[in-house]
Amino acid sequence: MNKGGRKRPPPPSNPPPSNPPKTQALNQEDEFLDEDVFLNETLISEDEESLILRDIEQRQALADRLAKWTRPPLSPDYLAQSRSVLFQQLEMDYVIGESHKELLPNSSGPAAIIRIFGVTKEGHSVCCNVHGFEPYFYISCPPGMRPDDISHFHQSLEARMREANRNSNVGKLVRRIELVQKRSIMYYQQSDSHPFLKIVVALPTMVASCRGILDRGIQLDGLGMKTFMTYESNVLFTLRFMIDCNIVGGNWIELPAGKYKKTSKTLSYCQLEFDCLYSELISYTPEGEYSKMAPFRILSFDIECAGRKGHFPEPSHDPVIQIANLVTLQGEDQPLIRNVMTLKSCSPIVGVDVMSFDTEREVLLAWRDFIREADPDVIIGYNICKFDLPYLIERAATLKIVEFPILGRIRNSRVRVKDTTFSSRQYGTRESKEVMIEGRVQFDLLQVMQRDYKLSSYSLNSVSAHFLSEQKEDVHHSIISDLQNGNPETRRRLAVYCLKDAYLPQRLLDKLMFIYNYVEMARVTGVPISFLLSRGQSIKVLSQLLRKAKQKNLVLPNAKQAGSEQGTFEGATVLEAKAGFYEKPIATLDFASLYPSIMMAYNLCYCTLVTPEDARKLNLPPESVNKTPSGETFVKSDLQKGILPEILEELLAARKRAKADLKEAKDPLEKAVLDGRQLALKISANSVYGFTGATVGQLPCLEISSSVTSYGRQMIEHTKKLVEDKFTTLNGYEHNAEVIYGDTDSVMVQFGISAVEEAMNLGREAAEYISGTFIKPIKLEFEKIYYPYLLISKKRYAGLYWTKPDNFDKMDTKGIETVRRDNCLLVKNLVTDCLHKILIDRDIPGAVQYVKNAISDLLMNRMDLSLLVITKGLTKTGDDYEVKAAHVELAERMRKRDAATAPNVGDRVPYVIIKAAKGAKAYEKSEDPIYVLENNIPIDPHYYLENQISKPILRIFEPILKNASKDLLHGSHTRSISISTPSNSGIMKFAKKQLTCIGCKALLREGVHTLCAHCKGREAELYCKSVAQVSELEMLFGRLWTQCQECQGSLHQDVLCTSRDCPIFYRRKKAQKDMAEAKTQLDRWSF
Amino acid sequence: MEKEKNLHRLQCSYTCLDESFEIGKETYKGQQYSHIYFARLNLMRTLLHSLVSNWKPFSPVRPVLELEEGKECVIIGTLYKHMKLKPRVLDEYSKERSVVPLVKPHNFTHSDDYLVLEDEKGRVKLGGNFISPSVYATGVVVALHGKESGAGDFLVLDVLEAGLPPQIDRPLKSSEDKYVVLVSGLSIGSSNSNPLQFQLLIDHITGHLGDEMEQGIASQIVHVVIAGNSIEIPAGLINGQNLASKDLSRIAEPIKELDIMLNQIAAGLPLDIMPGPNDPSNFALPQQPLHRCLFPGSSAYNTFRSCSNPHCFELDNVRFLGTSGQNVDDLDKYSEAKDKLEFMERTLRWRHLAPTAPNTLGCYPFTDKDPFFIDSCPNVYFIGNQNKYETRIIKGSEGQLVRLICVPKFNETGVAVVLNLKDLECHALSFGTQLSS
């Protein structure tokens, strides 16, 4: 199915009956909340379990088939537990279970058990139950509190907690309170430490409820009602555990022999399952041998559903008909398993295990069994989180297959479906479902794409066209049911298609190195891999901050409320852009990692910030503090070294190391790891600044972020001044240098000379000279020359990019219409081609002529329709839109024409703007491109001229031409206009068709078919013209249709694809129609 | 041909066999290319099936989908060559306009190319060293002997091509020498065309040149075949845009000139003219005969025949099959051989005139037939518009004899080819109008 395009979050429906009612009402961005899951709640009762077992026995044949895909068997020393277990962990969660009696003889009752899932280097799956780690947080200890007071406090708190957790069967809610010496990370403090209370609670969720009590205030003997500032009370339990045990996401963990115990009753499907104490874990930093990846199993899958005509598939009605699966071992090129499960028989597919079933129930259960046997560590796919997985689960619920949703690694534990409400300023509030599969990482490529890349379309088709240069056949969902209802051959066709959809995500994963990059990101930032996709940026910084703070004996306040009150601050500076077309080399001076450098250079941190009161009180010597341009005071590193600068230094040093290692590395896999690492380090370093400025974040500190930007502004200004003062004719240079533009971290200088090499030398000289005036590690670097350079305005420019004096590297553009979705392709092509002509060919008249030709083509109705198609997503039905929109109106009209093929909510609607009655509203002028093609409906060239082309084109040409608008948009080339006559308009039904002369269009007498009397004698030339047209179309027809055959991967079957994202879809259709017409025209000659 | 000695031009019987190449009233009704592959596979499979019993009597013939790992069998299907360098129309539309202009290489083969065999139901990737991807091209139908390897590939152990088609025995003819002249690439209207050269050729054919002996030979020329690219319309004149009337008449100029020249030949002896890629005909194969309205002068003669490309005919029971060169030129882009004649030989052995149509060679989407299937072996097989004159005789396993001829571009080489119908001997006729030093 066309993911991203058509798939949408299914409408919320009732969760499966036996689900634990632990749903989270609100999951605001970056709100971290723990959620206790009670082990026995998720497990299926005994009688149900036996029912499942019986079911499995019945399907022994299938089981044999699946058995060949199981993991390699355990060696004897593993079985005897005589060797240590070393594994790479990928996923981690916790459950509430009975405290382990042998390992923790002193405690009893419910406790949090951390489960670590991973893979050994032999490929065995591991489930490690970690006991004894307890949730806790800090509060600052009120002055004068003595041990006695602490125990009183403990009792009061326990009592209040008991009120809040009435139903809890836990013996002691607040386990203990310890007095510790710590220091808050906030503000520069002269004393080393203060007393803090570490409050240890029984269960992770109690941290939040305890925090609530302390936030609101608690009645204390002798002290009265008192509120407490809590510290580190917003740290997720698993993250807390990882930090305290020095575990980072995706690293290797070892348990020596004898330090672990095989579980008495195995609860998971993992090959190795054992219990241990958290203190026995050996966690390795990912270096050397431990930077490798275990051969974990990656499952890529896709489902097909047979929708009803005119409806998007809904799990309450439409069956799942096929599931294609591909399992690949990490690091291998070829998949280990390729199979497809189909409803009804399906012809065999070479190299693929085709499993056909008669009922949907069997298909679903076969897939469940397959998941269990193949036991994937990572599940990937395209839009699986929002579509495929919830669909499967809801479908199973509709069919009442209660035993289906056991997809996780915990025996008989159903997957949990969580309603999540995601709200953000950009998208509004969206409800969706999150499917939790215990022990398996979900990695939805659609989410990754949306997160990491800015693309004009995120359909699987256009994403694979973009990254793999492969077009994907797209079968419209209305055809899917027809194929399913056909014969084994047509179902095979569908299966091949389904397999391709399962294969492409894997290809993308390999091509874009996602596994390496994300695992490295997890290692660098220390969060579990699953956090990277499901959570925002700030948790990554928070994790690093917490780790560092722990080393320094610092604690982080839970300063949420403080954040929202703070206002905004002035952003980065942009120097006035002197728009124009520069035909001399422009040197670009860049600050390398500007914001991190500033934070390091000026020691900006939470713990070096001096409050205005403190500044007066502490009387710090002026040489020990920095006053930032924004007026804040920070102490220098000799008084107190900042944590953020330290984190940044480490990140940048690590990046340098990774880059050096990358150069040395020979093994491609090792290279991939290192490259992923240096990238992760770079991203992490840059996100620290954002963390301090995120007002809704975890620990915002606008004093830091505004100081950073103010320094940044100052540096840009400073650079501009130095360049313009030094590089002058007075100082012996050939020309006066001029700064024509400056952005956040770069300055563009025109030195006035025309040789690239000299400009490079001057650039280097300037960079070195100016860097000398900055505090380390702030460094100005000369990186590239733009030559020629077209500066349009702030953040909009284009130029040829030179790093070597002899040849340019590429054409670089910024902020220019090339990727915007709501532009038609014509705009993009026009802009790119013009820039190409202006910058590379240096042919401005050529570019002008090119634009004029294009405009003339448009007006003369010679433009290829596919270039004019505009596409918009239909997110809700017409009534829900407040303003009438072109694509929504069109969808309504199409539904009236043919409900079966009309776009549904979730589809993307392509349309063109057609000529309509005078005064018609823009939204009434939209039309389906295919309908336009078939009925010769005239498009509205003026709409395209005025609303699409003119702005982007004028932007480019205005710095170059004096009268750009007049020349380009109103010249003589706009005089002649040709509009085709629609073949479906009312009046045409009454018109009688009469042949006209091919030469002069004069009406022909009855019985004459080709030429009028006047044109006789010009047969040869006129025939040549007709035949040339046919010939051109034939060539196009052949090339287009054979391309489609190639995409679909079959010569002997008709092309079915209806991918409107494909650049040749409309051309193909048009070629077919034009061909038929041209042939008829040519045939008139044979009379 | 009244001369002093009253030489009489010899005659021969002529049968046109172009029927299968006529498109006639067929139209584009939305049909796709799958049908032509389907028709081709059906024709070829019947043929190959009958050969398999002798070739691998103990191996079962299986559909691609019923392969079983490790079991030897024979599969029959259409080859598809996956080519890394093959230009794709998609790239022209979708790729970012690249800074460096695309260099169009002459040949698109690459060492990473691989073959796939496809029947109506499925396809399988071919492995092993037995079958070389550089030799084959998409669209060829073969039988393969081998077995499925573990990875889902088919390990090829032997290849069976259909081989030369059966040849109708040629009744022994008189010992009379009768000559056929083959010429191509006149390119009238091109910047380097030399009217004098062509006039010399005409004068030679029609017997207006040389002494008696030479005229005597000329009188034995019984037929002329012009194999494509007779005119060249200046590039850029026809580009779909509206033309000024003076430009329009410029298009017709070379055609008028050609008509005048052909007039002279047709007045003397039978002439077949085939369209080529540059001629005012349709692009896709089979190219339809050039319209008679282009030749108001010559078409008045019944000796003037405008034919299709490919063109098949018989002269005194000698069967000719020829094209204007597109079929072999396309193979030359997508596969490799030591010379053009080898490509020609392969098309005969594959029993298919243009296997790369429709994949890389434009072709009409036939629904019920594949006109390029060669069911009967020609005696003479020629292709036009080649860079140089080459010829060879090949022999088939059943005694078939075929004369292969590459007819060079006359405009560039000044060479026409003369073939003797008596013994299929062949020589070049070279016209130079410049004194070479």
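In the nomenclature of an unreviewed UniProt entry, chain B is known as DNA polymerase delta small subunit of Lupinus luteus. On record in UniProt, under Subcellular location (unreviewed entry), the comment for chain B is "Nucleus". Under the UniProt heading Sequence similarities (unreviewed entry), the note attached to chain B is "Belongs to the DNA polymerase delta/II small subunit family."

An unreviewed UniProt entry lists chain A under the name DNA polymerase, from Lupinus luteus. For chain A, the Sequence similarities (unreviewed entry) comment in UniProt is given as "Belongs to the DNA polymerase type-B family." Check the Subunit (unreviewed entry) section of the UniProt entry for chain A; it says "Heterodimer with subunits of 125 kDa and 50 kDa. The 125 kDa subunit contains the polymerase active site and most likely the active site for the 3'-5' exonuclease activity."

Colleague: Whenever I open this one, the overall build of chain B confuses me. Can you help?
Modeller: Along its length, chain B carries eight helices and 17 strands. Each of the 437 residues in chain B was classed as buried or not, and the buried ones make up 56%. Nonlocal contacts in chain B, meaning residues at least 24 apart in sequence, comprise 74% of its contacts between residues at least 6 apart. Approximately 18,200 Å² of chain B is accessible, and the part contributed by carbon and sulfur atoms is 51%.

Colleague: Sorry if this is basic, but what is going on with the pairing of strand β2 (residues 110-120) of chain A here?
Modeller: Residue and element names in this part refer to chain A. Counting buried residues along β2, eleven of its eleven residues qualify, which places the element largely inside the surrounding structure. Burial along β2 is two-sided: the face carrying Pro-110, Ala-112, Ile-114, Ile-116, Gly-118 and Thr-120 and the face carrying Ala-111, Ile-113, Arg-115, Phe-117 and Val-119 are both buried. Note: strand β1 (residues 85-98) against β2, eleven bridges, orientation antiparallel. Among the inter-strand pairings, Gly-97 is bridged to a residue of β2, identified as Ala-111. With six bridges connecting them, β2 and strand β3 (residues 125-131) associate as antiparallel partners. Its bridge partner lying in β3, Val-119 is registered against Ser-125.

Colleague: How should I be thinking about the sheet that holds strand β12 (residues 318-323) of chain B in this particular structure?
Modeller: The strands making up a sheet are joined through hydrogen bonds of the backbone, oriented either antiparallel or parallel. Residue and element names in this part refer to chain B. One open sheet holds the six strands; their spatial order is β1-β11-β12-β13-β15-β14, and the pairing between them is mixed. Across the chains shown, the open sheet's two edge strands, defined by having one partner strand only, are β1 (14-16) and β14 (390-395). In this sheet, neighbouring strand axes are inclined to one another by 20 degrees on average, regardless of whether the strands run parallel or antiparallel. For strand β13 (residues 380-386) and strand β15 (residues 401-408), the ladder comprises five bridges, and the chain directions are parallel. Within the sheet, the bridge partner assigned to Ile-383 lies in β15 and is Cys-406. Packed on one face of the sheet, helix α6 (residues 326-334) meets β12 and β13 and runs near 70 degrees to β13. Its contacts with the sheet place helix α7 (residues 340-349) against β13, β14 and β15, and it is angled at close to 135 degrees to β15.

Colleague: Explain a negative patch on the surface to me, please; I cannot follow it from the model alone.
Modeller: All names here are of chain A. There is a patch of like negative charges on the surface, built from Asp-661, Glu-664, Asp-667 and Glu-670. Assignment of secondary structure puts Asp-667 in the loop between α20 (643-664) and α21 (668-693). The class of Asp-667 is partly exposed, set by a relative accessible area of 38%.

Colleague: Help me understand helix α26 (residues 886-897) of chain A, please; the structure alone is not making it clear to me.
Modeller: Each α-helix winds once per 3.6 residues, and so residues spaced three or four apart point in a common direction. All names here are of chain A. With twelve residues, α26 should cover 16 Å at 1.5 Å per step; its first-to-last C-alpha distance of 17 Å lies within 8% of that length. Burial in α26 covers these residues: Ala-886, His-887, Val-888, Leu-890, Ala-891 and Met-894. Where α26 is buried, its residues meet β33 (870-873), β34 (908-913) and β35 (926-927).

Colleague: I would appreciate a short explanation of the interface of chain B and chain A in the present structure.
Modeller: Frequently, the measure chosen for interface size is the accessible area that the parts lose on association. Contacts between the two partners involve 62 residues from chain B and, on the opposite side, 63 residues from chain A. Summed over both sides, the interface of chain B with chain A buries roughly 5,500 Å², with 59% coming from carbon and sulfur. Here chain B is connected to chain A by one salt bridge. At the junction of chain B with chain A, the criterion picks out 13 residue pairs in polar contact (both at pLDDT 80 or more). Where the side of chain B that touches chain A is concerned, the elements lending two or more residues are α1 (34-55), β2 (73-82), α2 (89-94), β4 (123-127) and α5 (245-268) of chain B. Its residues assigned to classes, the side of chain B that touches chain A comprises 29 nonpolar, 20 polar and 13 charged.

Colleague: What is the right way to look at unusual backbone geometry in this model?
Modeller: What you tend to see is this: most non-glycine residues have negative phi, and most peptide bonds are trans. Residues and elements named next belong to chain B. Along the chain, Leu-285 connects to Pro-286 via a cis peptide bond; the corresponding omega equals -10 degrees. You can see Pro-286 is positioned in the loop between β9 (271-274) and β10 (304-306). With an omega of 0 degrees, the peptide bond between Ala-357 and Pro-358 qualifies as cis. With respect to the helices and strands, the residue Pro-358 is situated in the loop between α7 and β13. The residue Asn-229 is not glycine, and still its phi comes out positive at about 55 degrees. Its location among the elements puts Asn-229 in the loop between β8 (221-227) and α5. One non-glycine residue, Asn-385, adopts positive backbone phi at about 60 degrees. Of note, Asn-385 is situated in strand β13. Taking the relative accessible area as the measure of exposure, Asn-385 reaches 7% and is therefore buried.

Colleague: So what exactly am I meant to see when it comes to the nonpolar core here?
Modeller: Looking at soluble globular proteins, one finds that nonpolar side chains tend to be buried together. Residues and elements named next belong to chain A. With 301 residues, the main nonpolar core has Tyr-606 and Phe-957 as its most contacted residues. At twelve residues, the largest contribution of residues to this core is made by helix α30 (residues 1019-1048). Setting aside chain neighbours within four positions, we find Tyr-606 in contact with Ile-185, Met-186, Tyr-187, Tyr-188, Leu-545, Leu-644, Phe-691, Thr-692, Leu-699, Cys-701 and Ile-704. Val-85, Tyr-94, Met-145 and Phe-153 belong to the second largest nonpolar core, which has 57 residues in total.

Colleague: Is there a simple way to think about the packing of α21(A) against helix α22 (residues 702-726) of chain A in this case?
Modeller: Packed helix pairs are specified by the crossing angle of their axes together with the interaxial distance, meaning the distance between the axes. Residue and element names in this part refer to chain A. Viewed as axis vectors pointing N to C, α21 and α22 meet at an angle of 125 degrees, and their least axial separation amounts to 7 Å. Here α22 runs oblique to α21, going by the angle between their axes. α22 is crossed by α21, and the crossing has left-handed handedness. In contact with Tyr-689, Thr-692 and Gly-693 of α21, α22 contributes Leu-702, Ile-704, Ser-705, Val-708 and Thr-709. Considered class by class, the residues forming the contact of α21 with α22 number four nonpolar, four polar and no charged.

Colleague: Just checking my understanding: could you explain the packing of aromatic side chains for this structure?
Modeller: Residue and element names in this part refer to chain A. Within this structure, the stated rule accounts for 41 aromatic pairs over all chains. Among the aromatic side chains, those forming a connected cluster through ring pairs are Tyr-582, Tyr-741, Tyr-786, Tyr-789, Tyr-797 and Tyr-801. The positively charged end of Arg-842 is found above the aromatic ring belonging to Tyr-787, 5.3 Å away from the centroid.

Colleague: How should I be thinking about the confidence of the model for chain B in this particular structure?
Modeller: As a note on interpretation, predicted positions should not be read in detail where pLDDT is low. All names here are of chain B. The share of residues in chain B with pLDDT of 70 or more is 90%, and the mean pLDDT across the chain is 84. Here α2 stands out as the element of chain B with the lowest mean pLDDT, 69, in contrast to β13, whose mean of 93 is the highest. Under a pLDDT of 50 for its full length, residues 97-102 has, in the predicted model, nine contacts with residues more than four places off or in other chains.

Colleague: How should I be thinking about the pattern of salt bridges in this particular structure?
Modeller: Pairs can form between side chains of opposite charge once their charged atoms are near each other. Residue and element names in this part refer to chain A. Scanning the entire structure with this criterion turns up 66 salt bridges over all chains. A salt bridge links Glu-738 to Lys-578; the shortest N-O distance between them is 3.3 Å. One end of the pair, Glu-738, is in strand β28 (residues 738-743); the other, Lys-578, is in the loop between α17 (560-565) and β23 (580-582), with 160 residues separating them in the sequence. Under the relative-accessibility criterion, Glu-738 is labelled partly exposed at 29%. Through salt bridges with shared partners, one network takes in Arg-71, Asp-375, Asp-377, Arg-409 and Arg-440.

Colleague: Would you take a moment to explain the state of the cysteines for this structure?
Modeller: Linking two cysteines covalently through their sulfur atoms gives a disulfide. Enumeration according to the criterion identifies zero disulfides over all chains in this entry. Not part of a disulfide, A:Cys270 finds its nearest cysteine sulfur in A:Cys127, a span of 5.0 Å. The buried category is assigned to A:Cys270, whose relative accessible area is 9%. B:Cys307 supplies the cysteine sulfur nearest to B:Cys16, a cysteine that is in no disulfide, at a spacing of 5.6 Å. Given the relative accessible area of 42%, B:Cys16 is considered partly exposed.

Colleague: I'm lost on the sheet that holds strand β9 (residues 230-231) of chain A in this one. Help?
Modeller: Residues and elements named next belong to chain A. Here we have five strands laid out as an open sheet, ordered β9-β4-β6-β5-β22, and mixed in their pairing. If you trace the sheet from one side to the other, it starts and ends with β9 and β22 (554-555), each paired once. Of the strand pairs in this sheet, strand β4 (residues 136-140) and β9 are connected by two bridges, and their pairing is antiparallel. Within β9, the position partnered with Tyr-138 by the bridge is Tyr-231. Helix-sheet contacts for helix α5 (residues 147-164) involve β4, β5 (174-184) and β6 (194-201), and the interaxial angle to β5 is about 120 degrees.

Rules and cut-offs
Residues numbered from 1 in each chain as written. Chains lettered and ligands numbered in written order. Predicted model: local features only at pLDDT ≥ 70, side-chain atom pairs only at ≥ 80, totals over all residues. Heavy atoms only, no water. UniProt positions renumbered as here; feature names shortened; annotations may be inferred. Helix = DSSP H or I, 4+ residues; strand = E, 2+ residues; numbered from the N terminus. Buried < 20%, exposed > 50% of the residue type's maximum accessible area, 1.4 Å probe, protein only. Contact = heavy atoms within 4.5 Å. Areas by Shrake-Rupley, 256 points an atom, 1.4 Å probe, with all protein chains shown as cover. Pairing = 2+ DSSP bridges. Axes fitted to C-alpha atoms, helices over the stretch in contact; angles between N-to-C directions. Patch = residues over 30% accessible without salt bridge, like charges linked within 9 Å, V, L, I, M, F, W, Y side chains within 5 Å. Salt bridge = Lys/Arg side-chain N within 4 Å of Asp/Glu carboxyl O. Lys, Arg positive; Asp, Glu negative; His and termini not counted. Charge placed at Lys NZ, Arg CZ, Asp CG, Glu CD. Expected span 1.5 Å × (residues − 1). Buried area = accessible area lost by both parts, 1.4 Å probe. Polar contact = N/O pair within 3.5 Å; in protein donor to acceptor, adjacent residues only side chain to side chain. Nonpolar A, V, L, I, M, F, W, Y, C, P; charged D, E, K, R; others polar. Core = buried A, V, L, I, M, F, W, Y, C linked by side-chain atoms within 4.5 Å. Parallel < 35°, antiparallel > 145°, perpendicular 65-115°, else oblique. Left-handed = near helix turned anticlockwise from the far one by under 90°. Phe/Tyr/Trp six-rings, centres within 6.5 Å; stacked < 30°, edge-to-face > 60°. Lys NZ or Arg CZ within 6 Å of the ring centre and 35° of its normal. pLDDT = per-residue confidence, 0-100. Disulfide = S-S within 2.5 Å.

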